[in-house]
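Now for the letters of each chain:
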Amino acid sequence: MKSLLIAAGVAVVFLCFGVSHAALLGLEEAVNIRDGSGYLNVGDRSATLVIDWNNDGKKDLVVGDGYGYVWLYLNQGTNIDPVFNGGVKIESSGTAIRVGIASGG
């Protein structure tokens, strides 16, 4: 079965394990992803990509925020029980990557 990552309207990230279409609509299988002591909050108008960034076999998160910055959250747990302890802005030549700003309204 496949898993699905969802950034909810309040910008809290949920992970749905092995969901069917029926379960997905009710989010019965969803769990909040934690970042340190709180929930992982990626901000409004964000986009999230699941990828093994550092080739350690664990699924990490790359997040584009509403201000155009791109963040990396490395998974320090497992793929089934991910643990994130803060993100860092992804840089190129020492400068944070910024791809644009979300429009207001």
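The model shown is predicted, which means the values in this text are computed figures rather than measured ones. (Residues numbered from 1 in each chain as written. Predicted model: local features only at pLDDT ≥ 70, side-chain atom pairs only at ≥ 80, totals over all residues. Heavy atoms only, no water.)

Caption draft 1: Structural context of the sheet that holds strand 7 (residues 60-64). Taken in spatial order, the 4 strands line up as 6-7-8-9 in an open sheet, and their pairing is antiparallel. Taken across any chain shown, the strands that pair with only one partner, and hence form the sheet edges, are strand 6 (47-51) and strand 9 (88-89). Sheet topology places strand 6 next to strand 7; 5 bridges connect them, and they run antiparallel. Residue pairing across strands places Leu49 opposite Val62, the latter belonging to strand 7. (Pairing = 2+ DSSP bridges. Helix = DSSP H or I, 4+ residues; strand = E, 2+ residues; numbered from the N terminus.)

Caption draft 2: Summary view of unusual backbone geometry. A positive phi angle, close to 55°, is found at Asn55, a residue other than glycine. With respect to the element layout, Asn55 can be found in the loop between strand 6 and strand 7. One non-glycine residue, Ser93, lies in the positive phi region at around 55°. On the secondary structure map, Ser93 appears in the loop between strand 10 (91-92) and strand 11 (95-96). Note on Ser93: relative accessible area 78%, which makes it exposed. (Buried < 20%, exposed > 50% of the residue type's maximum accessible area, 1.4 Å probe, protein only.)

Caption draft 3: Structural context of the environment of Tyr73. Note on placement: Tyr73 falls in strand 8 (residues 70-73). You can call Tyr73 buried: its relative accessible area is 8%. Those residues within four positions of Tyr73 in sequence are excluded, and the remaining contacts are Asp35, Leu40, Asn41, Asp60, Leu61, Val63, Phe84, Gly86 and Gly87. (Contact = heavy atoms within 4.5 Å.)

Caption draft 4: Structural detail: a nonpolar patch on the surface. Together, Leu49, Ile51, Trp53 and Leu74 make up an exposed nonpolar region whose accessible area comes to about 340 Å². Relative to the helices and strands, Leu49 is located in strand 6. For Leu49, a relative accessible area of 46% corresponds to the partly exposed category. (Patch = residues over 30% accessible without salt bridge, like charges linked within 9 Å, V, L, I, M, F, W, Y side chains within 5 Å. Areas by Shrake-Rupley, 256 points an atom, 1.4 Å probe, with all protein chains shown as cover. Salt bridge = Lys/Arg side-chain N within 4 Å of Asp/Glu carboxyl O.)

Caption draft 5: How the structure looks around the packing of aromatic side chains. Applying the stated rule across the entire model yields 0 aromatic pairs. Lying across the ring of Tyr69, Lys89 places its NZ or CZ 4.0 Å from the centre. (Phe/Tyr/Trp six-rings, centres within 6.5 Å; stacked < 30°, edge-to-face > 60°. Lys NZ or Arg CZ within 6 Å of the ring centre and 35° of its normal.)

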